[in-house]
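Coordinate analysis (summary)
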Amino acid sequence: MFSLHSAQRFRAVLTGVALTGLAVTAAPGLASAAPASAPSRHATRVSAVDAIEDGAARSLALSLGDSAWRYQVAGALSQGKAVGLRGLTAGSATKGAAGLGAHIAKADRQVADAKGLGADTGSLLRARLVGAAVDGVEPLVASSPSDDNATAVVAYDSTGKAYDLAADRAPDRPVILVDVDTDKATEAGMKVLRQELAAAGLQAPVSAPVNTAAAAAGFWTTRVTAVTVKDVKEPWFKGSAEIFDLVTGFGLDGKVRVDTVTMPYLDDANKTYYPNQILVNWSLYKYNLADVVMMEDDGDTNYSSLAKALAAVLLTITDQGAYIPLVNAVIDAMPSSWWTDDPDYVESWYTLATTTTGTRTGASGNGTMTFDRYWVSAL
């Protein structure tokens with residue numbers, strides 16, 4: 001956790017040292033910031049969002065040559081919280097912010113397009129502070145690669161010089177990290193996913209309840225009372241995990257149905273959360289069984305592409321008069337390139353029923369959920 005003391009030291013460093021790259025490699029404890037002749041990230045998978053973030057990070061680093069703008073950035077980031085870059089530049093009258101603002105506005109539009117989101121999504125790029133404050137050492141500016149297996153994170157100083165930071169441990173110097181606001185992106189992405197799944201016939205509305213009297217009284221659900229994940233797939237250069245579930249089964253029309261459930265609270269590995277969250281609404285399903293696939297958005301998920309990939313596979317599965325497990329079909333629908341990181345597969349649970357209660361470990365052993373039956377009464 002970024003302490004207030006570290007935040008105060010960071011602000012002093014950022015505002016008191018000209019960002020000229022002085023003694024970057026000679027300062028003590030900075031073996032993880034070796035100069036990079038070329039960004040090593042390009043040896044791994046580079047997505048469209050990666051490239052946009054990288055350009056924004058370099059532009060931000062160059063803009064910090066303006067001392068007035070540098071002071072404002074220091075103040076905004078000194079508490080360790082993420083700050084939207086478009087709002088930060090729009091609220092400044094400095095030369096550095098003016099030069100950066102147009103680039104960030106364009107980059108935001110490009111990120112939304114790359115993620116299959118609407119033009120009304122708004123600002124998605126943000127900056128936050130990671131690493132420890134080191135007296136007399138300038139912060140670098142980096143972007144968050146979408147590949148969890150990246151061996152290095154490329155960072156820039158105010159002259160545009162690139163450095164490789166070790167990806168397997170948190171930096172021992174202050175680093176301003178540019179990434180996507182995945183909270184906002186996931187919320188917008190779920191809207192796109194639901195709309196496109198419905199358009200494809202994978203979220204058909206319930207037009208006529210099988211039992212009108214029972215439907216009027218309420219419906220049974222499966223509720224998550226506790227959830228723990230051993231690995232949320234988030235190295236230091238990523239923000240909090242953005243977890244969502246794809247709940248699959250056969251709808252009342254006999255076609256495969258996919259419902260989305262977000263778990264925005266599930267941030268940390270090996271920590272148990274107690275959400276009391278409804279996971280399955282059984283009134284929407286034909287059979288007394290459903291499957292759950294837990295995924296995580298690492299920033300460059302294209303939700304429109306995800307919906308199309310799911311539809312291409314799931315629409316070929318027909319009702320055979322008995323329940324067919326759908327976890328493997330969902331996993332098979334993911335393009336092979338996505339298994340690098342976009343989006344991450346976290347866990348899956350097969351054949352949940354209305355009677356499922358107690359704690360169940362997922363198929364891969366990476367997560368557990370505790371379930372109970374919950375009756376939702378009509379108003």
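Our structure is the block above this text.
Structure report, in brief. (Residues numbered from 1 in each chain as written. Predicted model: local features only at pLDDT ≥ 70, side-chain atom pairs only at ≥ 80, totals over all residues. Heavy atoms only, no water.)

Here we have four strands laid out as an open sheet, ordered β10-β9-β12-β13, and antiparallel in their pairing. Sheet topology places β10 (256-263) and β13 (344-352) at the edges, where each strand pairs with a single neighbour. Taken over all neighbouring pairs, the strand axes of this sheet differ in orientation by 20 degrees on average, direction set aside. Judged from the six bridges that link them, strand β9 (residues 243-250) and strand β12 (residues 290-296) form a sheet pairing that is antiparallel. Within β12, the residue paired with F244 across the bridge is M295. Sheet contacts for helix α6 (residues 182-199): β9 and β10; angle to β10, the most-contacted strand, approximately 170 degrees. (Pairing = 2+ DSSP bridges. Helix = DSSP H or I, 4+ residues; strand = E, 2+ residues; numbered from the N terminus. Axes fitted to C-alpha atoms, helices over the stretch in contact; angles between N-to-C directions. Contact = heavy atoms within 4.5 Å.)

One can describe the packing of α6 onto helix α8 (residues 303-314) by two numbers: an axis separation of 8 Å at closest approach and a directional angle of 35 degrees. In this structure, α6 meets α8 at a crossing whose hand is right-handed. The residues of α8 that touch α6, namely those facing A185, T186, G189, M190, V192, L193, E196 and L197, are Y303, S304, L306, A307, K308 and L310. Residue composition of the contact of α6 with α8, grouped by class: nine nonpolar, three polar and two charged. (Left-handed = near helix turned anticlockwise from the far one by under 90°. Nonpolar A, V, L, I, M, F, W, Y, C, P; charged D, E, K, R; others polar.)

This paragraph deals with the environment of S304. When you line up the elements, S304 lands in helix α8. Taking relative accessible area as the criterion, S304 reaches 13% and is therefore assigned buried. As for S304 and G189, which are separated by 115 residues in sequence, their C-alpha atoms are 8.0 Å apart. Ignoring anything within four residues of it in the chain, the contact list for S304 reads K115, G116, V192 and E196. (Buried < 20%, exposed > 50% of the residue type's maximum accessible area, 1.4 Å probe, protein only.)

Glancing now at unusual backbone geometry. Not every positive phi belongs to a glycine, and N270 is a case in point at roughly 60 degrees. N270 gets classed as exposed once you look at its relative accessible area, which sits at 58%. The backbone of N276 sits at a positive phi, close to 50 degrees, despite the residue not being glycine. With respect to the helices and strands, the residue N276 is situated in the loop between β10 and β11 (277-281). Residue N276 is classed as partly exposed on the basis of its relative accessible area, which comes to 46%.

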